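The residues making up each chain are set out below.
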Amino acid sequence: SNRLEAEAAVSDLRDCAPSLEVVDLSANGLPLGALEHLCAGLRGSARVLYLRGNPLVGAVSAQRGSYRKHVIATFQRLSYLDDHPVDTPERRAAEAWALGGAAEEAAERARLRTEQADKVRKNTAWMMQLKARALERRRAAEEAAAADAGTSAVADPREVDEMAREGGAAEPEAPRVCKRADDTGAAPTASAPPAEARVYAGVPAFSSNSFVALSAAAVCSAAAGGSALRLAP
């Protein structure tokens with residue numbers, strides 16, 4: 001506060017235009033006429049303006065109907081007035097009010113709402129398009145990966161044979177011939193050795209069920225040769 005009360009107290013500020021952009025004249029005693037001097041010099045340059053605490057605030061509201069709307073419409077580049085910033089919708093509404101009053105301001109605000117709704121709708125549609133494209137790219141990548149996996153899963157028979165040879169696959173074991181005597185005198189057949197067959201000291205054991213007869217000569221021969229003869233239980 002500089003205790004400015006005369007209208008001419010701010011008349012010299014016009015000489016500072018257009019370089020003067022921030023003006024703080026709050027908490028003074030400036031009357032309504034001081035605002036006209038400010039408009040004459042700073043209309044196109046002032047960006048930040050503080051006028052609160054002056055009698056001109058109440059005088060403008062009483063005479064013009066709205067102090068804030070009148071100042072915003074008057075100062076073309078104003079972006080901050082007193083305690084609040086001035087955004088584009090507020091400026092458009094204030095300029096419409098200055099041209100046609102409350103009715104024109106209401107129409108301008110309706111246009112602003114329509115424009116905002118259109119903007120939201122366009123942004124939503126754009127985001128949906130981006131999502132659809134991303135899903136399409138992902139689907140194509142998955143299909144390509146599945147196709148590659150299916151192709152690599154088919155093995156070449158020659159490669160299978162080569163792997164078998166390199167791995168040293170063992171030949172299947174031929175069934176052993178178990179000679180056993182039976183009452184019918186049938187020829188022995190090729191089969192797996194019976195579970196009761198045992199090997200003891202290099203001589204196969206015979207089960208008591210399959211044992212028919214051993215001659216004394218065979219028994220003596222086995223004993224002379226140092227072999228043991230065992231009967232399986």
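What counts and what doesn't
- Throughout this document, residue positions are counted from 1 along each chain, in the order its sequence is written.
- Thresholds applied to this predicted model are a pLDDT of at least 70 for local features of residues and 80 or more for the giving and counting of side-chain atom pairs; totals over whole chains, interfaces and linings are not thresholded and use all residues.
- Where side-chain values are given, they derive from all heavy atoms of the structure, hydrogens and water being excluded.
- Only DSSP runs of H or I reaching four residues or more are called helices, and only runs of E reaching two or more are called strands; each is numbered from the N terminus.
- Categorising residues by exposure relies on relative accessible area from a 1.4 Å probe, with only protein chains included: less than 20% of the type maximum marks a residue as buried, more than 50% marks it as exposed, and the intermediate range marks it as partly exposed.
- The criterion used for residue contact is that any of the two residues' heavy atoms lie within 4.5 Å.
- Residue exposure ignores everything except the shown protein chains as possible cover, and the areas themselves are Shrake-Rupley values with a 1.4 Å probe.
- By this definition, two strands are paired if DSSP reports at least two bridges between them.
- Nonpolar side chains (Val, Leu, Ile, Met, Phe, Trp, Tyr) are joined into patches within 5 Å and like charges within 9 Å, using only residues with over 30% relative accessible area and no salt bridge.
- One side-chain nitrogen of Lys or Arg within 4 Å of one carboxyl oxygen of Asp or Glu is enough to make a salt bridge.
- Note on terminology: a nonpolar core comprises buried Ala, Val, Leu, Ile, Met, Phe, Trp, Tyr and Cys residues joined through side-chain atoms within 4.5 Å.
- Each axis is a line fitted through C-alpha atoms, and for a helix only the stretch in contact is used; angles between axes span 0 to 180 degrees, taken between their N-to-C directions.
- Angular relationships are summarised with four words: roughly parallel below 35 degrees, roughly antiparallel beyond 145, roughly perpendicular across 65 to 115, and oblique for the angles in between.
- Residues are sorted three ways: Asp, Glu, Lys and Arg are charged, Ala, Val, Leu, Ile, Met, Phe, Trp, Tyr, Cys and Pro are nonpolar, and all the rest, Gly among them, are polar.
- Under the pairing criterion, centres of Phe, Tyr and Trp rings, with the six-membered ring standing for Trp, must be within 6.5 Å; the plane angle then separates stacked pairs below 30 degrees from edge-to-face pairs above 60, leaving the rest tilted.

A. Summary view of the overall build of the protein. Looking only at helices and strands, the protein features six helices and eight strands. When the helices and strands of the protein are placed in sequence order, the string is β-α-β-α-α-β-β-α-α-β-β-β-α-β. Evaluated residue by residue, the protein yields a buried proportion of 20% over its 233 residues. Put simply, 61% of the contacts in the protein that link residues at least 6 apart link residues at least 24 apart. Here the protein displays about 16200 Å² of accessible surface, and carbon together with sulfur accounts for 56% of that area.

B. Highlighting the sheet that holds strand S4 (residues 84–85). Strand order in the open sheet formed by four strands is S1-S2-S3-S4, with mixed pairing between adjacent strands. This sheet does not close on itself; its edge strands, each paired only once, are strand S1 (22–24) and S4. Where strand S3 (residues 80–81) and S4 come together, two bridges link them in antiparallel fashion. Following the sheet pairing, Tyr-80 is matched in S4 by Pro-85.

C. Up close: a nonpolar patch on the surface. A contiguous nonpolar surface patch, about 310 Å² in accessible area, is contributed by Trp-126, Met-127 and Leu-130. Within the secondary structure layout, Leu-130 lies in helix H4 (residues 88–152).

D. Quick look at the nonpolar core. Counting 23 residues, the largest nonpolar core has Leu-25, Leu-38, Leu-49, Leu-51, Phe-75 and Leu-81 as its most contacted members. Sorting elements by how many residues they give to this core places helix H1 (residues 32–42) first, with five residues. Sequence-distant contacts of Leu-25, defined by excluding residues within four places in its chain, comprise Leu-4, Val-10, Leu-13, Leu-30, Leu-38, Tyr-50, Leu-51 and Asn-54.

E. How the structure looks around the packing of H1 against helix H2 (residues 55–64). Where H1 meets H2, the axes come as close as 8 Å, and the angle between the chain directions of the two elements is 90°. In terms of orientation, H1 and H2 fall into the roughly perpendicular class. Contact residues: Leu-32, Ala-34 and Leu-35 in H1; Leu-56, Ala-59, Val-60 and Gln-63 in H2. Per-class residue counts for the contact of H1 with H2 are six nonpolar, one polar and no charged.

F. Main features of the packing of aromatic side chains. For the structure on display, the rule yields one aromatic pair. Relative to Tyr-80, the ring of Tyr-50 lies with its centre 6.4 Å away and its plane at 45°, an arrangement referred to as tilted. Of the two residues, Tyr-50 is situated in strand S2 (residues 48–50) and Tyr-80 in strand S3; the sequence distance between them amounts to 30 residues.

G. Seen up close, H1. Where H1 is concerned, the buried positions are Gly-33, Ala-34, Leu-35, Leu-38, Cys-39, Gly-41 and Leu-42. Buried residues along H1 sit against S1, H2 and helix H3 (67–74).

H. Expanded view of the pattern of salt bridges. A full pass over the atoms with the stated rule returns 13 salt bridges. Note that Asp-83 and Arg-52 form a salt bridge whose closest N and O atoms lie 2.1 Å from each other. Within this pair, whereas Asp-83 is found in the loop between S3 and S4, its partner Arg-52 is found in the loop between S2 and H2, the two being separated by 31 residues in sequence. On the accessibility criterion, Arg-52 (40% relative accessible area) is partly exposed. The residue Lys-69 makes a salt bridge to Glu-105 at a minimum N-O spacing of 2.9 Å. Placement of the pair is Lys-69 in helix H3 and Glu-105 in helix H4, with a sequence separation of 36 residues.

I. View of the side chain of Arg-91. Tracing the sequence through the fold places Arg-91 in helix H4. Residue Arg-91 is classed as buried on the basis of its relative accessible area of 14%. Setting aside its immediate chain neighbours within four residues, Arg-91 contacts Ile-72, Phe-75, Gln-76, Arg-77, Leu-78 and Val-86.

J. Geometry of unusual backbone geometry. Residue Ala-27 is not a glycine yet carries a positive backbone phi of 60°. Relative accessible area serves as the criterion here: at 40%, Ala-27 is assigned to the partly exposed category. Phi is positive for Asp-82, which is not a glycine, with a value near 55°.

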